[in-house]
Amino acid sequence: MKIDYQNANDVIIQNNGNELWKNVSSTIQKSEQNTIKENESYQILHSEEDRGIFEAIDSKTEIQEYAQLDEIQQIKKQVETITNTTSVKDCEKMNEEGKSLYDTEIEEIVTVVDKIKIAMAQSKDYQNYGDELNAQTIEGVIGNSAIANSLASKFEESDIPATQENIKDSQETINQAEKLEPLTSANIQYMMRNQLKPTVGNLYKAKYSGSVEYQNPQADKINWKDLQGSMEEVIQEAGFEVNQENIEDAKWMIESGIPLTKESYEQLKELENIKLPIPAENIMDGIVSAIEDGKRPQDANVAKTLGILEQGKQILDIVNNVTTNQISELIEQNSPLTLEAFGRIQNQKEGQDINGVQNTSNQDEPALLTAARQLEEIRLKMTLDSVVQMSRQGIQVETQELEQLVEHLRTIERQAYENVFTRHQVEPTEENLQLYQQTTNAVEFIKEVPSFVLGRDIPFTVKHISEKGSDIKAVLQKANETYETLMTAPRADMGDSIQKAFQNVDEILKDLGLDITQNNCRAVKILGYNHMDITEESIMQIKEKDIQAQKLMKNLTPTVTLQLIRKGINPLETDIAELNKIVDEIKKESGIGQEEKFSSYLHKLEQNNEITPEERSSYIGIYRLLNQVEKTDGAAVGALLNQGAEITLKNLMMSVRTLKSQGINVEINDQFGNLEQLNVEGTNIINQIETAYYSQLVENTLEVITPEKLKTVVNEQGSFEVVEDMPFEIFSQEIQKVQEEKEIKQSFYKAQLEEFSQIKSMEDDVIKMLNDYDIPVTMDHLLAAESVLKGKGKAYKKLFEEAKKENDLSDVILETFKRFAEDLSTPEDMAKAQNDLAETAENVMKGMLAEAEVTSVDIREMKLACQEIQIGTNLVKDEQYAIPILVGDDVSVMNLKIVRGEEEKGTISISMELDKIGKIAVKLLVSQKSITGHIASQQEEILNHFKNFETNLSKEIEGEPEIEINYVSSGIIKSNSYQKPVLQRDGKEENELQTVKLYQVAKAFVTNIQKMFSEIS
């Protein structure tokens, strides 16, 4: 609100029922005959609406600006955010959740990474897990080794990637900060008039803004005596002492035409307290906080070095330490029940015993009971995530009263669920919401229940394990007994050790002739606790249940839970073994593909220079073996068990070979020994249980195996031959316990992030194309769509490269290419040709996974080629075709478009580009009796070739239409910008005639162009 001489008589702002503006109005009336400039005014604001505006203005403005951006700009902004904030550790965590930087939608990556960072900040998991930053690289940009080392350390501790942009912007911010000088009155006015936060960038602008101190020329007419009371009230409300110095500050604000409010007065004091220049260490803390908040280094707030995450943790600390006595104290003072007020009391009474809400003698007071209930709900709902979300929405969490805070938290929670349900196409009904909450809570809970629950005779469901596990947990805790949790390591904080309770486990296993493995030991303990018979069969039954439970706890993520609910499946009451099968199918549909997992394995293999070519071949062979065993769906394991053969790598190889000879499609290299005979007929119950167990063990091993781990195990065992004869359970245990070297582990994710940074400069048309065809906006789709729009046929070149290897698919690839021109007769024929091409590309990808010399780059390029061709299947629906053209020992692509819109009805557009020939563009207008248009080329010689076959075209087209074409030679041929065609069909008969004619002309041109290039080459 603004008060000036024109509206002062009408303005009365109430605060707690007091009409504070009567004295202001009368003061202004005494001078209303004086003439003042339009922008000269003074004001004191006390309204509730204005509370918090100054502190929240940046985030609110950001939200409004963001909402006004169109969808394309939002995506580009999200890409920039991901590039500047996503670390190797974030990618690793995403991978653990079954999400890849390649295939996850951009919007979801922002959400997932945000939650990962919040979770790590809450658990302090940043330390020692960030990227290994090169301080020398940073020093090369900044030029100061001390600052470079400090910044590298702070980036690593806060999980911030040291991208070139982050380093460059940090350098610029540090340079700006070094030039800052103590603020002048003019600087402060500039900051307050423009409602700017005290960031390095804003302070730098204020210094060089050229602004001079302003003073209202009518200030001497103000009756300060009449305003004294109101000014004192604002000063007290802002938490400052009423003294002459502070009153003079308030007067200065009014004289400067700056609104006097609690918030603006706080801003003035904040600016006055800024000591410039700022120590470099403080600047770097501010830079880190700004990036954490999703902003840029120049947004570093010099007054508050704590970022949004640290502020959130402080807020949670205040909430957890509120006592009933503190509530009573504020009620007695008639003070607002805000976290800011509770924090003030806690700071005053630091060191006193404050363990939660205490019972006091006045606990029956209604106000106290209401506040206590509100506080408990806040504690239940408030997380670091919800605090961050509220802050980003411009809500000042500390200044909200408890009742308001409860409502905000309810809204945040409801919005969060609605957003995630909508994103995964799940109806956000109350029933679905409850099932989702119950499932996610139950899955987290059963991770901490005693493993002994697996020995109870209960239905094998999440619901029953949760309920019975809770009972067992309560009994053990009451007796102060130690227990192994269902998912985590044994707890050392309670009672006697498990080893003392189960001292004879090794002897039991030896008597049964079983290996002393972790899984066998754990099963014996579970059986022993439940007073069950310990036999070879019972141990296997427990192990199978245990490995199924472990799998579910790992894979039943919130995203998978939503997919199950969408399919109408209740995750709480479905048998866990059956649920795992369904989850496997969901992961195949939307999880990380096998080609990416193998590519990661190869990448790590390529990064390890200590592995010899012979070892490389063997390590790839083992990975492929495990992959093929998994694909047999238990058949390879079951066949060995039926024969009574031991489960080893060597025997699994023989089993896979036998299945292949019986017609099951498996591909594997010869790397192992022989098994004389294999019986795959017949089975029994115990074999079924063992088959399920070992099949899952193979899958688990495949998830974690790396070349480095494999090399370590081989070295420990002495030779590769010993490893292939090891019992598979021991082999799996040894692989899983090896700690992978950090640098090699992170190298694959670093490569992902480097590739992701390329899409920052993506043209708007690329995103527009994906949106137009409802294709998810992912990193891979963006890269593939960009290749489509550039029209250089990168996918076709990759396929042609594979065809040159003369493998089983070589002829198929070449034949598919040739068919395109032959099938250029109808839209239906072209759609089939495109689908056949997509299928061929997928088969090439599968074949590539079995190639001996394949590299991670090969797989990556082929995957993008498949994505590019798949996008082409969408364009075909609008009669836009990418036709492969064989030119000598190379392949190019001809981009052909049939246009039926009202403005360009009956138009054929052709474009292509070859390395030796340059660009060619053709545009033809086709009617029943004529063909007109133009052909442009960067080479005169090419135009002559076109002229030579022009006379043949008329004879090849039904009706022999007249042809009138202009030929243009130009060094510059610009590509048309992308625009989705608007198909406009005429009547059926007319449309059929037009289709026949258009495709006849198109086919004739394509065929002749192919002939022309064959002659030229």
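It should be emphasised that the depicted structure is a prediction, and the values quoted were computed from it without experimental measurement. (Residues numbered from 1 in each chain as written. Predicted model: local features only at pLDDT ≥ 70, side-chain atom pairs only at ≥ 80, totals over all residues. Heavy atoms only, no water.)

Peer 1: What is the right way to read the overall build of the protein chain from this model?
Peer 2: In terms of helices and strands, the protein chain carries 45 helices and eight strands. Long-range pairs, those at least 24 residues apart, make up 68% of the contacts in the protein chain with a sequence separation of at least 6. Carbon and sulfur atoms provide 44% of the accessible area of the protein chain, an area that totals close to 48500 Å². (Helix = DSSP H or I, 4+ residues; strand = E, 2+ residues; numbered from the N terminus. Contact = heavy atoms within 4.5 Å. Areas by Shrake-Rupley, 256 points an atom, 1.4 Å probe, with all protein chains shown as cover.)

Peer 1: Is there a simple way to think about the confidence of the model for the protein chain in this case?
Peer 2: Do not read the predicted coordinates in detail wherever pLDDT is low. When the pLDDT values of the protein chain are averaged, the result is 82; 84% of them are 70 or greater. In this model, residues 353-364 is a region of pLDDT below 50 whose contacts with residues beyond four sequence positions or in other chains number 26 contacts. In the predicted structure, residues 664-682 sits below a pLDDT of 50 and forms 57 contacts with residues beyond four places in sequence or in another chain. (pLDDT = per-residue confidence, 0-100.)

Peer 1: I'm lost on the sheet that holds strand E4 (residues 890-899) in this one. Help?
Peer 2: Backbone-to-backbone hydrogen bonds join strands into a sheet, with any given pair of strands oriented parallel or antiparallel. The sheet built from six strands is open, its strands ordered E3-E4-E5-E6-E7-E8 with mixed pairing. Each edge of the open sheet is held by one strand with a lone partner, namely strand E3 (880-887) and strand E8 (962-969). Pairs of neighbouring strands in the sheet enclose a mean axial angle of 15 degrees, with direction left out of account. Contacts from helix H44 (residues 940-956) reach strand E6 (918-926), strand E7 (930-937) and E8 within the one sheet, and its direction differs from that of E8 by about 175 degrees. (Pairing = 2+ DSSP bridges. Axes fitted to C-alpha atoms, helices over the stretch in contact; angles between N-to-C directions.)

Peer 1: Quick question: what am I supposed to make of the side chain of Lys798 here?
Peer 2: Looking at where Lys798 falls in the secondary structure, it is placed in helix H40 (residues 794-803). For Lys798, a relative accessible area of 5% puts it in the buried group. Other than its neighbours up to four places away in sequence, Lys798 contacts Met848, Asp858, Glu861, Met862 and Ala865. (Buried < 20%, exposed > 50% of the residue type's maximum accessible area, 1.4 Å probe, protein only.)

Peer 1: What exactly am I supposed to notice about the pattern of salt bridges here?
Peer 2: Close approach of charged atoms allows side chains with opposite charge to pair. Within the structure shown, the criterion is met by 53 salt bridges. Its salt-bridge partner being Lys251, residue Glu248 comes within 3.9 Å of it at the nearest N-O pair. With Glu248 and Lys251 both in helix H12 (residues 244-255) and three residues apart, the pair spans about one turn of that helix. Taking the relative accessible area as the measure of exposure, Lys251 reaches 18% and is therefore buried. (Salt bridge = Lys/Arg side-chain N within 4 Å of Asp/Glu carboxyl O.)

Peer 1: Quick question: what am I supposed to make of the pairing of E3 here?
Peer 2: One face of the sheet, then the other: side chains in a regular strand alternate in exactly this way. E3 sits mainly inside the fold: six of its eight residues count as buried. The antiparallel pairing of E3 with E4 creates a hairpin that spans two residues between the two strands, and Gly888 there sits at a positive phi of about 60 degrees.

Peer 1: What is the right way to look at the packing of helix H41 (residues 810-822) against helix H42 (residues 827-848) in this model?
Peer 2: When two helices pack together, their arrangement is given by the angle between the helix axes and the distance between those axes. The interhelical angle for the contact between H41 and H42, taken along N-to-C directions, is 160 degrees, at an axis separation of 10 Å. Judged by the inter-axis angle, H41 sits roughly antiparallel to H42. Note on packing geometry: the crossing formed by H41 with H42 is left-handed. For the pair H41 and H42, contact is made by Val812, Ile813, Thr816, Phe817, Arg819 and Phe820 and by Met830, Lys832, Ala833, Gln834, Asp836, Leu837, Thr840 and Val844, respectively. When the residues that make up the contact of H41 with H42 are grouped by side-chain class, the tally is eight nonpolar, three polar and three charged. (Parallel < 35°, antiparallel > 145°, perpendicular 65-115°, else oblique. Left-handed = near helix turned anticlockwise from the far one by under 90°. Nonpolar A, V, L, I, M, F, W, Y, C, P; charged D, E, K, R; others polar.)

Peer 1: Could you clarify how one ought to interpret the packing of helix H30 (residues 613-631) against helix H34 (residues 707-717) in this entry?
Peer 2: Where H30 meets H34, the closest approach of the two axes is 11 Å, and the angle between their N-to-C directions is 105 degrees. Overall, the two elements H30 and H34 adopt an arrangement that is roughly perpendicular. In this structure, H30 contributes Glu615, Tyr619 and Ile622 to the contact, and H34 contributes Pro707, Leu710, Lys711 and Val714. A breakdown of the residues in the contact of H30 with H34 according to their chemical character gives five nonpolar, no polar and two charged.

Peer 1: Looking at this model, I keep getting lost on the packing of aromatic side chains. Mind explaining?
Peer 2: The geometry of an aromatic ring pair is captured by two quantities: the separation of the ring centres and the angle between the planes. Tallied over the full model, the rule gives 12 aromatic pairs. Judged by centre distance (5.9 Å) and plane angle (65 degrees), the ring pair of Phe748 and Tyr749 falls under edge-to-face. The class of Tyr749 is buried, set by a relative accessible area of 9%. Aromatic rings pair up to connect Tyr417, Phe421 and Tyr436 into one cluster. Directly above the aromatic system of Tyr208 lies the positively charged group of Lys207, at a separation of 5.0 Å from the ring centroid. When the ring centre of Phe240 is taken as origin, the NZ or CZ atom of Lys269, which lies over that ring, is 6.0 Å away. (Phe/Tyr/Trp six-rings, centres within 6.5 Å; stacked < 30°, edge-to-face > 60°. Lys NZ or Arg CZ within 6 Å of the ring centre and 35° of its normal.)

Peer 1: Could you clarify how one ought to interpret the environment of Asp836 in this entry?
Peer 2: Within the element layout of this structure, Asp836 appears in helix H42. Asp836 sits 23 residues away from Ile813 along the chain, and the two C-alpha atoms are 9.9 Å apart. In contact with Asp836, not counting residues within four places along its chain, are Thr816 and Arg819. For Asp836, the side chain forms a polar contact with the side chain of Arg819, separated by 2.8 Å. (Polar contact = N/O pair within 3.5 Å; in protein donor to acceptor, adjacent residues only side chain to side chain.)

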